[in-house]
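Notes for the structure review
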Amino acid sequence: MSRPLGTQVPRTPLRRILLYAFATLVFIYLMLPSLIVIPISFGESTYLELPPQSLSLRWYQDYFERQEWVSATITSGVVGVLVAVVSVSLGSLAAYGLVRGRFPGKTVLNALIISPIIVPMIITAVAIYKLYSALGLLGTILGFVLGHTIIAFPFVIIIISATLRGIDETLEQAAMSLGASRLTALRRVVFPLMLPGMVTAALFAFLISFDELLIALFISTPTLSTLPKRLWEGIRTEINPTIAAVSTILVLLTVLVLAGLLISRVYFERRR
Amino acid sequence: MAQPKVLASVSERANYRELFLVRIREQSYFFLLTLPAIVLLVFLFLYPLVSFFTRSLFDPSWTTEHYVQAATGAAWGKIFRNTFEISLFTTLGCLFLGYPLAYLLANISNRRRNLLLPLIIIPFWTSVLVRAYAWIGVIGRQGVFNVALTDLGLISSPLALLYNRPGVYIGMIHYLLPFMIFAIFAVMSGIPKTLLQAAEGLGASPLRSFLRVYFPLSLPGVGAGCLLVFSLALGFFITPALLGGPKEVMLSMIIEQQISQALNWGFAAALSVILLVITLGFYLIYNRFMSFERLYGGEKR
């Protein structure tokens, strides 16, 4: 049997089997938490039970009937959508300026935009808490949206900048030399090409906000708190399968958002 | 003869000046576009950080007491050691699990890779809280893992995996492994396969060509991945708080506790400055290897 040179997945069956076996174990490790909550949530008993003795929807019913879960979910949803809108609209402007502009100080601005990823979240959360107590923004939708927008910015701007770098600058120059104003060129040429990146960024911004705990931990009030904050309290005080039901819904939402991402990308590529 | 030349240069100069002004005006438009985002970041991020940090030195008047306390208190020394130790072993664990996986992903067909990537990306985007809760159900005393091992007759009494070191490692490695995989994969996918063909064509065994050619070329990815994972691990809060025991207290948990329980803002600020400086140090070394754009961009396109 002749073997092609340099095929880097080991050709000796033993080593190849070992590599795949190892990878399988790691994939199981990675996927296990996302999958395990599903059977737990459909169990009948109050304890974590696997496999469940009998199936029931009582934990889902519990979730939908309890005001504190429902209102926290609605808050998180509203905040997430607003964060996606605000961070993507401001982020697109900033990304366009940073990618196409050649002004001094760009490195500093880039560093500032990336910094919320680098600074440990607990520090950001405490600093925002201190500011919000002074401004009276604790427990307000506006406070949540602004705080989450800050931490979504780095991701949003990285994604949209990458899209912009892939768009040939001569296209907009051509439009302008054919008589379009810069604004028209932006609206008719650049914007349609940027749209896929903006959709991706919006979906990620929503997920980041929807999962954010540390800022919520500090700025939530008894009257207004988000789903992660409610989950955090739940995990620490009442380990019951209602949390598994919420978790299952969250995993489903994550998969849906990622699938939406894939579908939007296929859609945009087909239109091109 | 000299006359027209001077005239030409004067008009040329005027021309340049005009061009220069046009360019400045255009560039200032670009700058203005970034302004809303920058203003938001300065007022809601930079300013509150700085004002929080100043509390470590002015509480309310000039004092170094908080830094002295952080440096000399025996209890705090233990917290720093814990934080470093947990971050270090988490990094090593991620490397051990992540390197072979990145290797596999870099050396299979695009079609297979696209089938396997969701298995990393779905957990990567799953809420940290959901994952911590799930781990409690898996590794607890009555968790799936212990029940399965007992049923199989492999162990007689349940293993203690939760609310201790192993629990923290299981949760933290799970969170940080995708970062390690993406960092190493980004470098590995750029290693030309022809180099290995050359090594083997010259008579090297596959193992030797891996050790002498492939592995050294993948080291920048290993370095970047380790630095990134380590600097992210230093600031962890949620996972050690939910899966660790009293001995697994990390720096960020002390910061939270100092604020919400002890109301000791000055000391919390001093600890935050120390945590940030260390994190930033590791991040800057990481940045010499690789940029965030590459990490996240490599995943996108």
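Residues numbered from 1 in each chain as written. Chains lettered and ligands numbered in written order. Predicted model: local features only at pLDDT ≥ 70, side-chain atom pairs only at ≥ 80, totals over all residues.

Our next topic: the overall build of chain B. Scanning chain B for helices and strands turns up 14 helices and zero strands. When the helices and strands of chain B are read in sequence order from the N terminus, they spell out α-α-α-α-α-α-α-α-α-α-α-α-α-α. For chain B, the C-alpha radius of gyration of 27 Å lies well beyond 19 Å, the compact-globule estimate for 301 residues. For chain B, the spread of C-alpha atoms along the three principal axes comes to 105 × 70 × 30 Å. Counting only residues that meet the buried cut, chain B has 42% of its 301 residues in that class. A fraction of 76% describes how many contacts in chain B between residues 6 or more apart in sequence connect residues 24 or more apart. (Helix = DSSP H or I, 4+ residues; strand = E, 2+ residues; numbered from the N terminus. Rg over C-alpha atoms; globule rule 2.2 N^0.38 Å. Buried ≥ 20, exposed ≤ 12 C-beta atoms within 10 Å, placed from the backbone. Contact = placed C-beta atoms within 7 Å.)

Okay, the domain arrangement of chain B next. Once the domains are mapped, chain B shows domain 1 (1–54) and domain 2 (66–300). Computed over C-alpha atoms only, the centres of domain 1 of chain B and domain 2 of chain B are separated by 43 Å. (Domains from an automatic or database assignment.)

Attention shifts here to the interface of chain B and chain A. The interface of chain B with chain A comprises 74 residues on the first partner and 74 residues on the second. Of the residues forming the side of chain B that touches chain A, the biggest block, 17 residues, is contributed by helix α1 (residues 2–54) of chain B. Here the side of chain B that touches chain A is composed, by residue class, of 51 nonpolar, 16 polar and seven charged. (Nonpolar A, V, L, I, M, F, W, Y, C, P; charged D, E, K, R; others polar.)

What follows deals with helix α1 (residues 13–41) of chain A. Residue and element names in this part refer to chain A. Given a rise of 1.5 Å per residue, 29 residues ought to cover 42 Å, and the 41 Å separating the end C-alpha atoms of α1 matches this to within 8%. The sharpest bend along α1 measures roughly 50° and falls at Leu32, with the proline Pro33 sitting one to four residues further on. All of the buried residues in α1 are Val26, Leu30, Pro33, Ser34, Ile36, Val37, Ile40 and Ser41. (Expected span 1.5 Å × (residues − 1). Bend = angle between axes of the 7 residues up to and from the residue.)

Residue and element names in this part refer to chain A. Their axes nearest at 8 Å, the elements helix α4 (residues 106–118) and helix α6 (residues 141–165) cross at an angle of 115°. Remark: the crossing between α4 and α6 carries left-handed chirality. Facing α4, whose interface residues are Ile113, Ile114, Pro116 and Ile117, α6 presents Ile150, Ile151, Phe153, Pro154 and Ile157. A class-by-class count of the residues in the contact of α4 with α6 yields nine nonpolar, no polar and no charged. (Axes fitted to C-alpha atoms, helices over the stretch in contact; angles between N-to-C directions. Left-handed = near helix turned anticlockwise from the far one by under 90°.)

Time to look at the confidence of the model for chain A. Within chain A, residue pLDDT values average 89, and 93% of them lie at 70 or more. No element of chain A has a lower mean pLDDT than helix α7 (residues 169–177) of chain A, at 87, and none a higher one than helix α5 (residues 121–135) of chain A, at 96. (pLDDT = per-residue confidence, 0-100.)

Now for the packing of α7(A) against helix α8 (residues 182–211) of chain A. All names here are of chain A. Taken N-terminus to C-terminus, the directions of α7 and α8 make an angle of 130°; their axes are 9 Å apart at the nearest point. By the criterion of interaxial angle, the relationship of α7 to α8 is oblique. For the crossing formed where α7 meets α8, the hand is right-handed. Judged by residue contacts, Leu171, Glu172, Ala175 and Met176 of α7 engage Arg182, Ala185, Arg188, Val189 and Val190 from α8. Broken down by class, the residue content of the contact of α7 with α8 amounts to six nonpolar, no polar and three charged. (Parallel < 35°, antiparallel > 145°, perpendicular 65-115°, else oblique.)

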